[in-house]
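# Chain and residue survey
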Amino acid sequence: MTSVARRLPTVLRPPQAQNIGGFDVEKLRRDFPILKQKIRGRRLVYLDNAATSQKPQAVIDAISHYYERDNSNVHRGVHYLSERATEEFENARQTVQRFINAASASEIIFTRGTTEGINLVAQTYGRTHVGPGDEILVTALEHHSNIVPWQLLRDEKGAKLRVAPVNDSGELLLEEFEKLLSPRTNIVAVTHISNAIGTVIPLRQIIEMAHRRNVPVLVDGAQAVPHLTVDVQALDCDFYTFSSHKLYGPTGMGVLYGKSALLDAMPPYQGGGDMISSVTFEKTTYNKLPYKFEAGTPHVAGAIGLGAAIDYVNALGIENLAAHEHDLLAYATEKVSALPGIRVIGTAKEKAAVLSFMLDGVHPHDVGTILDQEGIAIRTGHHCAQPVMQRFEVPATARASFALYNTREEVDVLVEGLQRVQEVFA
Ligand code: 7TS
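If you're wondering where the values come from, they're calculated on a predicted model, not measured in any experiment.

On to the domain arrangement of the protein chain. The assigned domain composition of the protein chain is domain 1 (2-30 + 317-424) and domain 2 (59-315). Contact with domain 1, which involves 33 residues of that partner, is made by 31 residues of domain 2. For the domain 1 and domain 2 pair, buried surface summed over both sides reaches about 2,400 Å², with 56% attributable to carbon and sulfur atoms. Taken together, the connections running from domain 1 to domain 2 amount to 1 salt bridge. When the shortest N-O distance is used, the salt bridge between Arg391 and Asp168 registers 2.7 Å. Linking domain 1 to domain 2 there are 18 residue pairs in polar contact (both at pLDDT 80 or more). Elements with a contribution of two residues or more to the side of domain 1 that touches domain 2: α12 (318-337), β14 (354-359) and α14 (386-391). Residue classes in the side of domain 1 that touches domain 2 are distributed as 19 nonpolar, 7 polar and 7 charged.

Following this line, the structure appears as structure tokens:
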């Protein structure tokens, strides 16, 4: 994690300076077939990566290959294909384990995405540990998927939801966070990086503060795994969840990491095939980890695609990728901020890959619509983080978000597009 503000170049490097750490963006772009197409007659400029990132050919091939050659249900057949599918599925689990440095592959639970990972913890750990008057602590930066599952639990149990505030730059106020940790706090649930404004939160400190009071911490890593190295053992987080589709992998696939002692003690989430060890009408005993939390036929192709996506990212080196994206964010921040009538929302020292802004006198939806005419894809709206919009007193923002294949040239196209928006509304 590096500070974007500190890394802001005083003299902008020329647009061709895109070869940080041997990272050849133009070459890498050829790995992503979708980027080759024209949109409305223009070269596609895809800057909506926080919503979902594009998929390299290696991921598309791994998924097709599975359906063409290996498709079979896992963990049940003795036949050849089932064994091969099971092996690939479990290899993908080990790839995830190494990627986030979990102590064991049995701590890696495959889910539908970040949203399901959080709901799983709320409905299992949460329902058994949170009671009337207990407190769940989140931050003001959360995506709805790290708010609503806790509200459902709060309302069911008569618990309370506490919210740690942020300053005007969008940085978490650590002292306030610590004050909100009370003897009634049962769980802390925080985003690692804000999808709406890009703040990277001081996760180590948060986890240490919570652990000093024996409070477990769930981390919503949806926006973090594509942009920085995550080591769950070094962080010492109790749960960490993310989605495959923001990490160059397929949709409908995600991961929940949990410490095995916690997962072992938790009741199952859903009931069904694969999560049991024996069933009679009187009594069911549950399977060992991670299968206890994976009821039903899993998304086998999704896991294999996620494994291929992680292999792709590992081959590039996440540090190289992060350096490239930090360069882009710094360049974009400087260029966009230089436009008249622009307000950047979220100016934290530690930021990653997201630039949210408002143009004076133009609704963000109009910004997005005009840019779309030029083949530029950004997201506009509340980004499923309405409380963040409320905090900054804006109805919505325009958001450009970066991935490994974006270039400074694309940032220039974005800035020209914004100038045109300003002309239209002048
Ligand atoms: N948490 C964060 C921080 C997110 O950014 C998102 C999705 C989620 C959770 C939910 O992930 P899912 O894969 O389960 O849907 N964020 C966005 C976004 O910023 N634009 O579209 C989706």
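Alright, that's what it looks like, and here's the rest.
A few words on the pairing of strand β7 (residues 185-191). Across the 7 residues of β7, 7 count as buried, placing the element largely inside the fold. Where strand β5 (residues 135-139) and β7 come together, 3 bridges link them in parallel fashion. Bridging from a neighbouring strand, Ile136 pairs with Ile187 of β7. Handedness of the crossover joining β7 and strand β8 (residues 217-220) through helix α8 (residues 203-212): right-handed.

Here we come to unusual backbone geometry. The residue after Leu289, namely Pro290, is reached through a cis peptide bond having omega 0°. Here Pro290 lies in the loop between β12 (284-286) and α11 (300-316).

Time to look at the packing of helix α13 (residues 364-373) against helix α15 (residues 408-424). Closest axis-to-axis distance for the α13/α15 pair is 9 Å, and the angle between their directions is 120°. Taken together, the axes of α13 and α15 are oblique relative to one another. Here α13 runs over α15; the crossing is right-handed. Between α13 and α15, the contacting residues are Val367, Ile370 and Leu371 on the first element and Leu414, Gly417, Leu418, Val421 and Val424 on the second. Grouping the amino acids of the contact of α13 with α15 by side-chain chemistry returns 7 nonpolar, 1 polar and no charged.

Taken as a whole and judged by the stated rule, the model has 24 salt bridges. Asp70 is the salt-bridge partner of Arg69, the closest N and O atoms lying 2.9 Å from each other. Assessed through its relative accessible area of 40%, Arg69 is described here as partly exposed. In this structure, the salt-bridge partner of Arg408 is Asp327, at a minimum N-O distance of 2.9 Å.

Along the chain, Asp274 falls in the loop between α10 (260-265) and β11 (276-279). At a separation of 3.1 Å, a polar atom in the side chain of Asp274 contacts the side chain of His75. When sequence neighbours within four positions are dropped, the list of residues in contact with Asp274 reads His75, Arg76, Asn287, Tyr291, Glu294 and Gly296.

Thr115, Asp220, Gln223, Ser243 and Arg379 are the nearest of the 16 residues found near the ligand. Measuring from a nitrogen atom of the ligand, one finds a side-chain N or O atom of Lys246 at 2.9 Å. In the complex, 87% of the free accessible area of the ligand, which totals 490 Å², lies under the protein chains.

Turning our attention to the packing of helix α4 (residues 80-100) against α11. Orientation of α4 relative to α11, taken along the N-to-C sense of each, is 40°, at an axis distance of 8 Å. Looking at the two axes, α4 sits oblique to α11. When you trace α4 past α11, the crossing you get is left-handed. Contacts from Ala85, Glu88, Phe89, Ala92, Thr95, Val96 and Phe99 in α4 reach Val300, Ala303, Ile304, Leu306, Gly307, Ile310, Asp311, Val313 and Asn314 in α11.

This part is about the sheet that holds strand β6 (residues 160-164). Adjacent strands of a sheet form backbone hydrogen bonds with each other and so pair up, either parallel or antiparallel. With mixed pairing, the 7 strands of this open sheet are ordered in space as β4-β10-β9-β8-β7-β5-β6. Strands at the two margins of the open sheet, each flanked by one partner only, are β4 (108-111) and β6. Averaged over all pairs of adjacent strands, the angle between their axes in this sheet comes to 20°, without regard to strand direction.

Turning our eyes to something else, we now look at the sheet that holds strand β17 (residues 397-401). The antiparallel open sheet is built from 4 strands, whose spatial order is β13-β14-β17-β16. Two strands in the sheet have a free side with no partner beyond their single neighbour: β13 (342-345) and β16 (379-381). In this sheet, neighbouring strand axes are inclined to one another by 30° on average, regardless of whether the strands run parallel or antiparallel. Along the sheet face, α12 touches β13 and β14 and points at about 10° away from the line of β14.

Here we take up the nonpolar core. The tendency in soluble globular proteins is for nonpolar side chains to be buried side by side. Ile100, Phe110, Phe177, Val188, Tyr240 and Leu404 are the most contacted members of the largest nonpolar core, which totals 82 residues. Composition of this core by domain shows at least three residues from each of domain 1 (2-30 + 317-424) and domain 2 (59-315). Aside from chain neighbours lying at most four places away, what touches Leu404 is Phe23, Val25, Leu28, Phe32, Tyr248, Tyr312, Leu316, Leu321, His324 and Glu325. One finds Ile376, Ile378, Ala398 and Leu418 within the second-largest nonpolar core, a separate group that totals 27 residues.

An α-helical segment advances 3.6 residues per turn. Residues three or four places apart therefore align on the same side. Its 17 residues give α11 an end-to-end C-alpha distance of 25 Å, which sits within 8% of 24 Å, the value for a rise of 1.5 Å per residue. By the criterion of burial, α11 is predominantly enclosed, with 14 of the 17 residues buried. Just beyond α11, the residue with positive phi is Gly317, at close to 90°.

Okay, the packing of aromatic side chains next. Where two aromatic rings form a pair, the distance of their centres and the angle of their planes describe that pair. The full count for this structure, using the stated rule, is 7 aromatic pairs. With a centroid separation of 5.7 Å and an interplanar angle of 85°, the aromatic rings of Phe32 and Tyr312 are classed as edge-to-face. One end of the pair, Phe32, is in the loop between α2 (25-29) and β1 (38-39); the other, Tyr312, is in helix α11, and 280 residues separate them in sequence. When the ring of Tyr248 is compared with that of Tyr405, the centres are 6.1 Å apart and the planes differ by 75°; the resulting orientation is edge-to-face. Residue Tyr248 is located in the loop between β9 (239-243) and β10 (254-258), and its partner Tyr405 is located in the loop between β17 and α15; the two are separated by 157 residues in the primary sequence. Residue classification places Tyr248 among the buried residues on the basis of a relative accessible area of 1%. Pairwise contacts between aromatic rings join Phe32, Tyr248, Tyr312 and Tyr405 into one cluster.

Rules of the game
- Residues numbered from 1 in each chain as written.
- Predicted model: local features only at pLDDT ≥ 70, side-chain atom pairs only at ≥ 80, totals over all residues.
- Heavy atoms only, no water.
- Domains from an automatic or database assignment.
- Contact = heavy atoms within 4.5 Å.
- Buried area = accessible area lost by both parts, 1.4 Å probe.
- Salt bridge = Lys/Arg side-chain N within 4 Å of Asp/Glu carboxyl O.
- Polar contact = N/O pair within 3.5 Å; in protein donor to acceptor, adjacent residues only side chain to side chain.
- Helix = DSSP H or I, 4+ residues; strand = E, 2+ residues; numbered from the N terminus.
- Nonpolar A, V, L, I, M, F, W, Y, C, P; charged D, E, K, R; others polar.
- Buried < 20%, exposed > 50% of the residue type's maximum accessible area, 1.4 Å probe, protein only.
- Pairing = 2+ DSSP bridges.
- Right-handed = clockwise from strand over helix to strand, strands pointing away.
- Axes fitted to C-alpha atoms, helices over the stretch in contact; angles between N-to-C directions.
- Parallel < 35°, antiparallel > 145°, perpendicular 65-115°, else oblique.
- Left-handed = near helix turned anticlockwise from the far one by under 90°.
- Near = heavy atom within 4 Å.
- Areas by Shrake-Rupley, 256 points an atom, 1.4 Å probe, with all protein chains shown as cover.
- Core = buried A, V, L, I, M, F, W, Y, C linked by side-chain atoms within 4.5 Å.
- Expected span 1.5 Å × (residues − 1).
- Phe/Tyr/Trp six-rings, centres within 6.5 Å; stacked < 30°, edge-to-face > 60°.

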